[in-house]
Amino acid sequence: MNSSILIDISQLRVGMYIQLDVGWLHHPFPVSSFRVAAAEQIATLRELGLTEVRYFPKKSDPELRELVPAAWSVPEMKASSSSAPEASTATATVDPEAQRRRELLEAQNRTLAACNQRFGEATRQYQALERVVSEHPDQARTKGETLVSGCVAELLENGDSVIRLLSEGVGERNALHPINVMVISLLLGRALGMKSAELHDLGIAALIHDLGKLKLPPNLRQPTPSMIPMERTRYETHVAESVTLATRMGLPEPVITAVARHHEMADGSGFPLRLSGSDLGRASQVLALVNRYDRMCNPANGVDALTPHEALSVIFAQLKARFDSVVLGAFIRMMGVYPPGSIVQLVNDRYAIVASVNSSRPLRPKVIVHDSRVPKDEAPILDLETVPELGIRRSLKPAQLPRDALDYLSPRQRICYFFERAVSPGPEEAGS
């Protein structure tokens, strides 16, 4: 390793290679070791209240090396040298931070693993429902009600819940859409003040709204711009087919009605009946909005996918008239300005992916920040509410990321959500 020395901040010059011995959340630079390139960086370091920085003369510009000649006589830093004052000082400052980050990471991983597991199990339960619905609709109803009842109970028992972005590849691919729509619809229904029975009916309708597509050939299960009128008409029959299956399952009228209207729009532009405004019930309005949002984020053709932030922006800016204003307003508050899965750039120019959002803090989500010093599978989630100086500057498409940030953040090809507690349990509660 190169020799280094702690120097007073007043000795710092442009061209010096330095290392900041502070935690990664406590400075605005992309990395902690770098060559000072401008006087503005020195000013920033002074504003941080730093009095010393670690200076590496051998990695600095040659003409600056003699400015701090004592550095040449300093022994090289060795992590294993516990007798060196420098090493013991570094250990004393780094270890508590490292321990805190390890504990935070472990807690985050446990929460994500639990969400992934519950989502994956839900997709398998849905597939089991699909397999029996044609021949044994009563069994399909039991499976659907068991799944939805469990989710509603968990949602109501959790207190405040946040929407959590899941890992890539979680769950059974063919069941991702109905489970995504069910989860988001339940969260939105709760945000709108729906009670347990209403949430249960909404969840069932969201779960089975597309069952009728089982009656269609695979190439007609998703609308495309290239569809000819005859194909479009055939595609639209999936609504009636879903209603038929829901009726055979013996589901209550509110569920059947919501399924029948999940493509109707507030401005009358939907199908099959072109209903509008007061003709639409609350559950239908929720289902229509959530269904559209998920299809924008997770289209059949991946190249057409919008980021969650883009999908929300398009809905608000271009499609607002198609959705009930109360439902849309609650949806935007719940999802946040930057929904989970959005790629963002922070005000300090670092790149991040939104991991979760709480409706009470829509502009301050939790994010995973690109940090080349931390392995990406160990990257902690940063709560922007606790670091007010690190706001979000803008949303980005994955293609706008530098290659290293793209590889690190690994934007999801499929956006999947589940819910978790808004406040992490303490050690005693977590262990119970």
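Residues numbered from 1 in each chain as written. Predicted model: local features only at pLDDT ≥ 70, side-chain atom pairs only at ≥ 80, totals over all residues. Heavy atoms only, no water.

Undergrad: Describe the environment of Gln19, with residues and values.
TA: For Gln19, the position within the fold is in strand E2 (residues 17–19). C-alpha separation for the pair Gln19 and Ser4, spaced 15 residues apart in sequence, amounts to 9.2 Å. (Helix = DSSP H or I, 4+ residues; strand = E, 2+ residues; numbered from the N terminus.)

Undergrad: Could you give an account of the nonpolar core, with specific residues and numbers?
TA: Formed by 84 residues in total, the largest nonpolar core has its most connected members in Met182 and Phe331. The element contributing the most residues to this core is helix H4 (residues 176–191), with 9 residues. Not counting the four nearest positions on each side in its chain, Phe331 is found in contact with Ile184, Leu188, Leu289, Val290, Tyr293 and Leu312. Counting residues in hydrophobic clusters, the runner-up holds 15 residues, among them Ile7, Leu12, Met16 and Leu45. (Core = buried A, V, L, I, M, F, W, Y, C linked by side-chain atoms within 4.5 Å. Buried < 20%, exposed > 50% of the residue type's maximum accessible area, 1.4 Å probe, protein only. Contact = heavy atoms within 4.5 Å.)

Undergrad: For helix H11 (residues 325–335), give the residues involved together with the corresponding values.
TA: An α-helix turns once every 3.6 residues. As a result, residues three or four positions apart point the same way. Turning to H11, its buried residues are Val327, Leu328, Ala330, Phe331, Met334 and Met335. Across the axial projection of H11, the buried residues extend over an arc of 165 degrees, all falling on one side. Exposed and oriented more than 90 degrees from the buried face of H11 are Ser325 and Arg333. In the core, the buried residues of H11 are packed alongside strand E5 (161–165), H4, helix H9 (282–297), helix H10 (308–318), strand E7 (351–357) and strand E11 (417–421). Between the side-chain oxygen at the start of H11 and the backbone nitrogen of Val326 there is a gap of 3.0 Å, and the oxygen is on Asp324. Positioned one or two residues after H11, Gly336 has a phi angle of 85 degrees, which is positive. (Arc of directions from axis to C-beta. Polar contact = N/O pair within 3.5 Å; in protein donor to acceptor, adjacent residues only side chain to side chain.)

Undergrad: Run through the packing of H9 against H10, naming residues and quoting values.
TA: Packing of H9 against H10 brings their axes to within 9 Å, and their N-to-C directions diverge by 135 degrees. By the criterion of interaxial angle, the relationship of H9 to H10 is oblique. Remark: the crossing between H9 and H10 carries right-handed chirality. Facing Leu289, Tyr293, Met296 and Cys297 of H9, the residues of H10 in contact are Pro308, Ala311, Leu312, Val314 and Ile315. (Axes fitted to C-alpha atoms, helices over the stretch in contact; angles between N-to-C directions. Parallel < 35°, antiparallel > 145°, perpendicular 65-115°, else oblique. Left-handed = near helix turned anticlockwise from the far one by under 90°.)

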